[in-house]
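Residue-level structural notes
In case you want the letters, here they are:
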Amino acid sequence: MKFTKMHGAGNDYVYVNGFVEQPEDPEGLARRVSDRHFGIGSDGLILILPSERADLRMRIFNADGSEAQMCGNGVRCVAKYAWDHGLVRRQELTVETGAGILTLQLFPGADERIERVRVNMGTPRLTRAELPMTGAADHRAVDVELAVNGEVFRATCVSMGNPHCVIYVDDVERFPVADVGPLIEHHAWFPERINVHFVQVLSATEVRQRTWERGAGETLACGTGAAAVCVAGVLTGRGDRSLLVHLPGGELRLEWAADGDVYMTGPATEVFSGEWRG
Ligand SMILES: N[C@H](CCC[C@H](N)C(=O)O)C(=O)O
């Protein structure tokens, strides 16, 4: 099976062109290719597929094989792949995802290949029912107390089609992400688990973010997570509607626009392609 390895700000996936390849068991394949010793090594698997409702369809599987509704860094790379490999030749395209049909703008570089993509991530879902999380279905969870391991954190939960828990900390570089992240990912509040983001406010327009992803562990960036962080900043009064997010793998520009949608702009990089014999 041919594959292409790409990343968005260091959040790396194995991409398979579903117009050519039809993997039978994408969950199992995601687990095998993601292994960084016995496989290709990645945060998961992304299938680029035909769609009847949009230019393309994206399916994303985490490293543990679980399928997610959406991947912000991934959808930028899907757009780059489609342009660079001739599947589309328009600089604005639509991609069908589990979070709905999204519209993307592509920005070619000097070599005519796509370097940067702007994604309309849609409108954040804020009620507990939409997250999903336990508690009063029509209530929001903004700066609520979440006790983990005898420590109390203030959590703000936002869905971008997939679930996110945003927690503000004083020093994100030194925060024990690998200890606290899984405890919140699997917390009883979240029946479908959750992605967890630890955020240090640098100013009203800049934050530093580290992420423990549902089904993948700590990743170098999380696009839907950065969108949730932008929304959480506005909801809690810690940030403006336009935000620069510094992540270990790179930077993402987020804006929660007046039209209610969240826009993300960031890089998309192709690293190599190969033949999977697994
Ligand atoms: N782990 C996520 C999917 C990948 C999202 C992330 N890599 C992004 O860039 O948005 C979930 O289970 O919802």
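This one's a predicted model, so the numbers in the text were calculated from it and none came from an experiment. (Residues numbered from 1 in each chain as written. Predicted model: local features only at pLDDT ≥ 70, side-chain atom pairs only at ≥ 80, totals over all residues. Heavy atoms only, no water.)

**Overview of the pairing of strand S11 (residues 163–168)**
Of all six residues that make up S11, six are buried, and the element is covered over most of its length. The two faces of S11 match: Pro 163, Cys 165 and Ile 167 on one face and His 164, Val 166 and Tyr 168 on the other face are all buried. Taking the residues that link successive antiparallel strands as the turn, the strand S10 (residues 151–159)-S11 hairpin has three residues, and the phi of Gly 161 there is positive, at about 100°. The sheet contact formed by S11 and strand S12 (residues 195–203) spans five bridges and is parallel. Residue pairing in the sheet places His 164 in a bridge with Asn 195 of S12. Between the parallel pair S11 and S12, the chain is carried across by helix H3 (residues 177–185), and the sense of this crossover is right-handed. (Buried < 20%, exposed > 50% of the residue type's maximum accessible area, 1.4 Å probe, protein only. Helix = DSSP H or I, 4+ residues; strand = E, 2+ residues; numbered from the N terminus. Pairing = 2+ DSSP bridges. Right-handed = clockwise from strand over helix to strand, strands pointing away.)

**With respect to the site of the ligand**
By nearness alone, 16 residues border the ligand, and Asn 11, Tyr 13, Gly 72, Glu 213 and Thr 224 come closest of all. Within the backbone of Gly 223, an N or O atom sits 2.8 Å from an oxygen atom of the ligand. Protein coverage of the free-state accessible area of the ligand, which is 370 Å², stands at 100%. Elements supplying a minimum of two residues to the shell around the ligand: strand S2 (11–17), strand S4 (56–62), helix H2 (72–84) and helix H4 (223–236). For the shell around the ligand, the two domains that each supply at least three residues are domain 1 (2–122 + 266–275) and domain 2 (144–258). (Near = heavy atom within 4 Å. Polar contact = N/O pair within 3.5 Å; in protein donor to acceptor, adjacent residues only side chain to side chain. Areas by Shrake-Rupley, 256 points an atom, 1.4 Å probe, with all protein chains shown as cover. Domains from an automatic or database assignment.)

**As for the domain arrangement of the protein chain**
When the parts come together, some accessible area is lost, and that loss is often what is quoted as the size of the interface. Per the domain assignment, the segments of the protein chain are domain 1 (2–122 + 266–275) and domain 2 (144–258). Centre-to-centre, using C-alpha coordinates, domain 1 lies 23 Å away from domain 2. When domain 1 packs against domain 2, the two sides together hide about 1400 Å² of surface, and 47% of this comes from carbon and sulfur. Of all residues in domain 1, Ala 9, Gln 69 and Met 121 bury the most surface against domain 2, accounting for 33% of the area lost on that side. One can count two salt bridges joining domain 1 with domain 2. There are eight residue pairs in polar contact (both at pLDDT 80 or more) connecting domain 1 and domain 2. Every element with two or more residues in the side of domain 1 that touches domain 2 is listed here: S2, H2 and strand S17 (262–267). Of the residues forming the side of domain 1 that touches domain 2, the biggest block, three residues, is contributed by H2. (Buried area = accessible area lost by both parts, 1.4 Å probe. Salt bridge = Lys/Arg side-chain N within 4 Å of Asp/Glu carboxyl O.)

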